[in-house]
Amino acid sequence: MLYSDFQGLKLSRLGFGCMRFATDPATGEIDQQKVNDMFDLAIRGGVNYFDTAYPYLGGKSELAMAEALSRYPRESYFIADKFPGHSLPGPVDNAALFRLSLKKCRTDYFDFYLLHNITEWSVRIYEGEDYHILPDLLRLKEEGRIRHLGFSFHGGAKLLEEYLDRHPGVFEFVQIQLNYLDWSLQDAKKKYDILTSRGLGVWVMEPLRGGKLASLAPEAGERLRALRPGKSDASFSFRFLQSLPNVKVVLSGMNEVDQVEDNLRTFEKDEPITGEETALLFEIAESMKRGVPCTACRYCTAGCPMQLDIPYLLECYNDYKYASTVTPAMRLDGLEEKKRPSACIGCRKCARACPQSIDIPAALKELAALYAAGPQWAVTAKPRQEAIRRDLHMD
Ligand code: SF4
Ligand code: SF4
């Protein structure tokens, strides 16, 4: 197993993401025996980092992870958990919610604790004075209940910089969506550079983009294997991440034993990705993208009578075009109504200024329709908000 040094800790570079355990579709129950078997294999292979979150698998991920880990000494592994600020029904007793996670995880401290899912929308909750989240978590850290504090992030690079500027020296690591596709699609390169330049460790989530990079189009996979025979599609993505020196932990949400085996093989020894392989991965990424080739030059924004942040909106558009997830919706939720794509009046001033000849008004019209069709974060968060109310006996 490859290991990273983080403040003197030896972290396995492959982390076990606990958000995709196999469940029985009829009962929704997690197959605990399978989780135990996967953990046994992973631990034998040197994995010592396990990542869960309060809302994963309807609150059952923490329990299943704790059950599997309870068979090992607490000091032999690291647990990461997350505070669900993005799903709060309103201001709550933050310490009580934290203690609930501790109890479910059968521990009295978290090695790593993250503010979960900061975006342009959820940042208002995380920063809201009435929510008092960060001060409460810093107090828990002082008490030794949190060893290392970070956050997971799904917003744009601009927000990342602003947020870190607002809280200098508070966070030690940041978890971002990073893979060879999002390197450009979600501007992950810029986020990686921002974090690296500030001395913050980079933790990676979605290394395989929800599994899409683990099962490429046959032709793409064959071209990769012509360079390195016998290797899985997923292994190329992981080796790309291994080549980034500030990536400390790569989280893989494994739910099958053969995935664990394949990942262990990939993280067994350092096999740096070659320039030729990287070029091919970027070429494959380009072929997977849908949407518009916006370079964020911002030539279009000055003349917009509605003062729309066009590159930001097109980032969301491209994300939607690649896969319909809640992330771009969440980012649009974070905008005032008058800044959303539906505010475009179709004057076309922007299109005339765009060196990429993008039909911006058409893209914004389509984006407005995609957003209106949902899913919207504010709606999808409701069941999680209700679960927190129940868990904290707020009703
Ligand atoms: S077409 Fe829409 S986005 Fe473009 S300048 Fe006019 S209002 Fe702004
Ligand atoms: S001018 Fe075109 S390429 Fe530049 S930011 Fe605007 S849409 Fe993107």
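Note that the coordinates shown come from a computational prediction; the quantities given were computed from them, not determined experimentally.

About the criteria used
- Residues numbered from 1 in each chain as written.
- Chains lettered and ligands numbered in written order.
- Predicted model: local features only at pLDDT ≥ 70, side-chain atom pairs only at ≥ 80, totals over all residues.
- Pairing = 2+ DSSP bridges.
- Helix = DSSP H or I, 4+ residues; strand = E, 2+ residues; numbered from the N terminus.
- Axes fitted to C-alpha atoms, helices over the stretch in contact; angles between N-to-C directions.
- Contact = placed C-beta atoms within 7 Å.
- Near = placed C-beta within 6 Å.
- Nonpolar A, V, L, I, M, F, W, Y, C, P; charged D, E, K, R; others polar.
- Parallel < 35°, antiparallel > 145°, perpendicular 65-115°, else oblique.
- Left-handed = near helix turned anticlockwise from the far one by under 90°.

### Section: the sheet that holds strand S9 (residues 201-205)
The pairing of strands in a sheet comes from backbone hydrogen bonds and takes either a parallel or an antiparallel form. Around the barrel, which closes on itself, the eight strands sit in the order S3-S4-S5-S6-S7-S8-S9-S10 with parallel pairing between neighbours. Each neighbouring strand pair of the sheet contributes to a mean axis angle of 30°, computed without reference to strand direction. Both strand S8 (residues 173-177) and S9 contribute to a ladder of five bridges, which runs parallel. Within S9, the position partnered with Phe173 by the bridge is Gly201. Together, strand S5 (78-83), strand S6 (110-118) and strand S7 (146-153) form the strand contacts of helix H5 (residues 133-142), whose direction differs from that of S7 by roughly 150°.

### Considerations on the site of ligand 1
Residues in contact with ligand 1 amount to 16 residues; listed here are only the nearest, Cys304, Cys344, Cys347, Cys350 and Pro361. Looking at the shell around ligand 1, the elements that each hand over two or more residues are helix H15 (349-353) and helix H16 (360-373). Considering every element that reaches the shell around ligand 1, the biggest residue donor is H16, with three residues. Classifying every residue of the shell around ligand 1 by side-chain character gives 12 nonpolar, two polar and two charged.

### Observations regarding the packing of helix H1 (residues 32-44) against helix H2 (residues 60-69)
Packing of H1 against H2 leaves a shortest axis separation of 9 Å and a crossing angle of 55°. With respect to each other, H1 and H2 are oriented oblique. You can see that H1 and H2 cross each other, and the crossing is right-handed. Residues Gln32, Val35, Asn36 and Phe39 of H1 touch H2, and the partners they reach there are Ala64, Glu67, Ala68 and Leu69.

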